[in-house]
Amino acid sequence: FSPDVGAGIPLFLPKGEMLRHLMEEYVREVQTRHGYEHVWTGHLVNERLYAKSGHLEHYREAMYPPMVDGETRYRLKPMNCPSHMTLFNSEAHSYRDLPLRYAEFATLYRYEKSGELTGLTRVRSLTQDDAHIFCTEEQVQEEFARALEIIREVLDTYGFTDYRIRLSLRDPEDSEYLSDDERWMRAEGALRDALDASGIDYYPGIGEASFYGPKADFIARDVLGREWQLSTIQVDLFQPARLGCEYVGEDGKMHTPVLLHRAVTGTTERFMAVLIEHYGGAFPVWLSPVQAVVIPVADRHLDYAQQVQRTLSQRGLRVEVDDSQNSMQKKIRENARQKIPYLLIVGDAEAGEGTVNVRRRGDKKQEATAVEAFAERVLREAAARE
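The shown structure was predicted, so the numbers you read here are calculated from the model rather than taken from an experiment. (Residues numbered from 1 in each chain as written. Predicted model: local features only at pLDDT ≥ 70, side-chain atom pairs only at ≥ 80, totals over all residues. Heavy atoms only, no water.)

Visitor: Requested: an account of the pattern of salt bridges, with residues and values cited.
Guide: Once the charged atoms of two side chains with opposite charge are near each other, the side chains can pair. Following the criterion strictly, the structure yields 28 salt bridges and no others. For Lys15, the salt bridge is made with Glu320, and the minimal N-O distance between the two is 3.4 Å. Note that Lys15 is positioned in helix α1 (residues 14-33) and Glu320 in strand β15 (residues 319-321), a separation of 305 residues in sequence. Using a relative accessible area of 45% as the deciding quantity, one classes Lys15 as partly exposed. Looking at Glu320, the relative accessible area reads 35%, which means it is partly exposed. Among the ionic pairs, Arg33 bridges to Glu153, the shortest N-O distance being 2.9 Å. Placement of the pair is Arg33 in helix α1 and Glu153 in helix α5 (residues 140-158), with a sequence separation of 120 residues. A single salt-bridge network, built from bridges that share partners, covers Asp162, Arg164, Arg221 and Glu227. (Salt bridge = Lys/Arg side-chain N within 4 Å of Asp/Glu carboxyl O. Helix = DSSP H or I, 4+ residues; strand = E, 2+ residues; numbered from the N terminus. Buried < 20%, exposed > 50% of the residue type's maximum accessible area, 1.4 Å probe, protein only.)

Next up, the structure:
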């Protein structure tokens, strides 16, 4: 963070950006496997769209002031859903097209109060692994189960196996929610039915719903015992009607789709902060920004160390060479402190035999291994995401 840029706006150096990229790449891979199509929408949106969706009325306090261009007022995007509904409306749809699943890794902007900003866990510039599913009411349970399967797979991979599910409901006494009791009852009923059909235990959270619909929030516990709201699945019967989303039903008539809002890891920045604490900085090989550091025993071994680095990088591994003026032992200590998964020591013997002396994180033992064999070992480990 820098005061030159502004409070709550994180900047990421290369290793931080690599971590973001790996997190996004993984979720993108899982989503694609489950039939999601990835889209992209801009950072600025005509304010009139948020008036239609209800955000201007119910979410204004969290939005940045408008930018005026003649008679048009633009807002920095706080949510993706209106933009995704605009994409839906750009084409005609029939019931045969549904469910339609749009996903986007979008940076959003929310005017959080200065006193509420907390490191990466509460920021003003945030990125979501956001998705919206357009479906019929009859498809809600199946699509909820699909979203649940994605969330479980991703959280299990990251080691979050201890989580609770909160059924976030509106407070009928609160005027901040869109008003239509019948739609709220249908949305809450659909979400309860989907949760019950999935055999999931959940507890109610009155007043925790979004202004447009109830949601199932996944509250995960990290290794330090702290709870974080990460994933969410929301049922929305309001916004598609407000924005004119329609499809031709089997009966030949026009119908309004149900919109499911879904995020797997939620906010990238907050999830990254949780992961840093969860792993204590000792990221698994697949997620580590640097998977191995080559440490030459002496300056005369630097050329071979750089040759090893080039060979491993060509195989797709993320490898650096420690060419500092520190002694070999200090290099080992410093890189071990950085919790690099693998340290590769190279001296006369390794240069002569085309090998590396491998020291795995947390293990003081070293073993001589051919460079190609080491590459295969790490690639298998990374592919397994263990």
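Visitor: Explain a negative patch on the surface to me, and be specific about the residues and the numbers.
Guide: On the surface, Glu57, Glu61, Asp174 and Glu176 cluster together into a patch of negative charge. Tracing the chain through its elements places Glu61 in the loop between α3 (55-58) and β3 (67-69). (Patch = residues over 30% accessible without salt bridge, like charges linked within 9 Å, V, L, I, M, F, W, Y side chains within 5 Å. Areas by Shrake-Rupley, 256 points an atom, 1.4 Å probe, with all protein chains shown as cover. Lys, Arg positive; Asp, Glu negative; His and termini not counted. Charge placed at Lys NZ, Arg CZ, Asp CG, Glu CD.)

Visitor: Give a description of the packing of α1 against α5 that names residues and reports values.
Guide: The angle between the axes and the distance between the axes are what describe a pair of packed helices. At a closest axis distance of 10 Å, the pairing of α1 and α5 adopts a crossing angle of 145°. In this structure, α1 meets α5 at a crossing whose hand is right-handed. Between α1 and α5, the residues in contact are Met23, Tyr26, Val27, Val30 and Arg33 and Ile150, Glu153, Val154, Thr157 and Tyr158, respectively. Of the residues in the contact of α1 with α5, the class split is seven nonpolar, one polar and two charged. (Axes fitted to C-alpha atoms, helices over the stretch in contact; angles between N-to-C directions. Left-handed = near helix turned anticlockwise from the far one by under 90°. Contact = heavy atoms within 4.5 Å. Nonpolar A, V, L, I, M, F, W, Y, C, P; charged D, E, K, R; others polar.)

Visitor: Can you tell me about helix α8 (residues 268-279), naming the residues and giving the values?
Guide: Between its first and last C-alpha, α8 extends 16 Å over 12 residues, near the 16 Å set by a 1.5 Å rise per residue. Here α8 lies mainly inside the structure; nine of its 12 residues are buried. Looking at α8, one finds that the buried residues are Thr268, Glu269, Phe271, Met272, Ala273, Val274, Leu275, His278 and Tyr279. Elements that come into contact with the buried residues of α8 comprise α1, β6 (125-135), α5, β10 (227-236) and β13 (258-267). Downstream of α8 by a residue or two, Gly280 has a phi angle that is positive, lying close to 60°. (Expected span 1.5 Å × (residues − 1).)

Visitor: Before we move on, could you go through the environment of Gln309 and cite the residues and values that matter?
Guide: Position of Gln309 relative to the elements: it lies in helix α9 (residues 302-314). On the accessibility criterion, Gln309 (21% relative accessible area) is partly exposed. Contact partners of Gln309, with chain neighbours within four places excluded, come to Val294, Val319, Glu320 and Val321. In this structure the side chain of Gln309 is engaged in a polar contact, spanning 3.1 Å, whose partner is the backbone oxygen of Val319. (Polar contact = N/O pair within 3.5 Å; in protein donor to acceptor, adjacent residues only side chain to side chain.)

Visitor: Account for the sheet that holds strand β18 (residues 366-370), naming residues and giving values.
Guide: Ordered by their spatial adjacency, five strands build an open sheet running β15-β14-β16-β17-β18, and the pairing between neighbours is mixed. Taken across any chain shown, the strands that pair with only one partner, and hence form the sheet edges, are β15 and β18. For this sheet, the mean angle separating the axes of adjacent strands, direction not counted, is 30°. When strand β17 (residues 355-360) meets β18, the two strands line up antiparallel, connected through five bridges. By the bridge assignment for β18, Asn357 is matched with Ala368. Together, β14 (292-296), β15, β16 (342-346) and β17 form the strand contacts of α9, whose direction differs from that of β15 by roughly 170°. (Pairing = 2+ DSSP bridges.)

Visitor: Give a detailed account of the state of the cysteines, specifying residues and quantitative values.
Guide: The tally for this structure, following the rule as stated, stands at zero disulfides. Here Cys81 is not disulfide-linked; the sulfur of Cys245 is the nearest cysteine sulfur, at 11 Å. When its relative accessible area of 2% is taken as the criterion, Cys81 is described as buried. Cys135 takes part in no disulfide bond, and the closest cysteine sulfur, belonging to Cys245, lies 12 Å away. (Disulfide = S-S within 2.5 Å.)

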